[in-house]
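# Coordinates in review
Residues per chain are reported as follows:
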Amino acid sequence: QDIQIRSYMDDLMEEFQYELEERRIEFKYMDRMESNYVVQLDGKRIQQAIRNIIGNAVKYGNEECLSVCVELSMEDGFARIQIKDNGPGIPEDRLPYIFDRFYRIDLERTKDLMSTGLGLAIAKELVESHKGKIMVSSIEGQGSCFTIMLPVVR
Ligand code: ATP
Ligand code: MG
């Protein structure tokens, strides 16, 4: 459906804010969009994509000093949603593979038992089914930044 991306994000980020602050994780949302552009999206699906990315930030970061920051802006006809964490980061040579199905980076820091390596593959499918793009950049030891770009219709 046609969704006003700014209103959608405001509501969604309020939910995440509440959820993460309850777990004592620092969460910041910044809306840098000048006006309320319309994007065609399935709210539940994009929410799932964002949840998978934020879930990783929480899972792989150090809960003691973790901070997650989401930024909404406009770039070249796309609504851009950036999700940054200050976690362990991803080695550069692994970056090309992290959206692959079942791909996991097996390091000691991977403390969970239930991961399948599907979270980012699903996020990518969900975003691409909206004619969007998903990207990652990361510096090992500093953190990761995931970017979702969704085409604006007006
Ligand atoms: P699932 O999401 O199915 O529970 P998963 O988290 O292992 O499993 P993905 O979400 O697809 O799978 O992530 C793939 C791999 O990328 C992870 O195993 C992890 O090693 C790495 N990764 C993903 N996000 C981050 C992040 N924010 N910081 C550090 N490493 C990450
Ligand atoms: Mg995951």
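In this report, the structure presented in the accompanying data block is examined. (Residues numbered from 1 in each chain as written. Chains lettered and ligands numbered in written order. Predicted model: local features only at pLDDT ≥ 70, side-chain atom pairs only at ≥ 80, totals over all residues. Heavy atoms only, no water.)

### Re the overall build of the protein
For the protein, the count of helices and strands is three helices and seven strands. Secondary structure elements of the protein, listed N to C terminal, follow the sequence β-α-β-β-α-β-β-α-β-β. Scaling as 2.2 N^0.38, a compact globule of 154 residues should have a C-alpha radius of gyration of about 15 Å, and the protein matches this with 15 Å. Taken along the three principal axes of its C-alpha coordinates, the protein extends 45 × 30 × 25 Å. In the protein, buried positions account for 45% of the 154 residues. Long-range contacts, defined as pairs at least 24 residues apart, comprise 69% of the intrachain contacts of the protein with a sequence gap of at least 6. Surface accessibility of the protein: about 8700 Å² in total, with carbon and sulfur atoms responsible for 47%. When the 20 basic and 27 acidic side-chain charges of the protein are each reduced to a single mean position, those positions are 3 Å apart. (Helix = DSSP H or I, 4+ residues; strand = E, 2+ residues; numbered from the N terminus. Rg over C-alpha atoms; globule rule 2.2 N^0.38 Å. Buried < 20%, exposed > 50% of the residue type's maximum accessible area, 1.4 Å probe, protein only. Contact = heavy atoms within 4.5 Å. Areas by Shrake-Rupley, 256 points an atom, 1.4 Å probe, with all protein chains shown as cover. Lys, Arg positive; Asp, Glu negative; His and termini not counted. Charge placed at Lys NZ, Arg CZ, Asp CG, Glu CD.)

### Structural notes on the sheet that holds strand β7 (residues 143–151)
If you walk across this open sheet you meet the five strands as β2-β4-β5-β7-β6, and the pairing is mixed. What marks the edges here is a single partner per strand, and that holds for β2 (26–31) and β6 (133–139). Geometrically, the sheet is characterised by an average inter-axis angle of 15° between neighbouring strands, direction not taken into account. Two elements, strand β5 (residues 78–85) and β7, share eight bridges in a ladder whose sense is antiparallel. By the bridge assignment for β7, R80 is matched with M149. (Pairing = 2+ DSSP bridges. Axes fitted to C-alpha atoms, helices over the stretch in contact; angles between N-to-C directions.)

### A word on the site of ligand 1
Not every one of the 20 residues close to ligand 1 is listed here, only the nearest: N56, Y60, D85, R104 and T116. D85 is positioned with one of its side-chain polar atoms (N or O) 2.8 Å from a nitrogen atom of ligand 1. Here an oxygen atom of ligand 1 and a side-chain polar atom of T116 are 2.6 Å apart. For ligand 1, whose free accessible area comes to 600 Å², the fraction covered by protein is 93%. Elements with a contribution of two residues or more to the shell around ligand 1: α2 (43–60), α3 (119–128) and β7. At four residues, α2 tops the list of elements feeding residues into the shell around ligand 1. Here the shell around ligand 1 is built from residues that sort into nine nonpolar, seven polar and four charged. (Near = heavy atom within 4 Å. Polar contact = N/O pair within 3.5 Å; in protein donor to acceptor, adjacent residues only side chain to side chain. Nonpolar A, V, L, I, M, F, W, Y, C, P; charged D, E, K, R; others polar.)

### Quick look at the pairing of β7
Of all nine residues that make up β7, eight are buried, and the element is covered over most of its length. Of the strand pairs in this sheet, β6 and β7 are connected by seven bridges, and their pairing is antiparallel. Within β7, the position partnered with I139 by the bridge is G143. In textbook terms, the turn of a hairpin is the stretch between consecutive antiparallel strands, and for β6 and β7 this stretch comprises three residues, one of which, G141, has a positive phi near 85°.

### A word on α3
Where α3 is concerned, the buried positions are L120, A121, A123, L126 and V127. In the core, the buried residues of α3 are packed alongside α2, β6 and β7.

### Remarks on the pattern of salt bridges
Between side chains of opposite charge, a pair can form when the charged atoms approach closely. This model, assessed by the stated rule, comprises nine salt bridges. Residue E125 is joined to R101 by a salt bridge in which the shortest nitrogen-to-oxygen separation is 3.0 Å. Here R101 lies in the loop between β5 and α3 and E125 lies in helix α3, a separation of 24 residues in the sequence. Residue classification places E125 among the partly exposed positions, given a relative accessible area of 45%. (Salt bridge = Lys/Arg side-chain N within 4 Å of Asp/Glu carboxyl O.)

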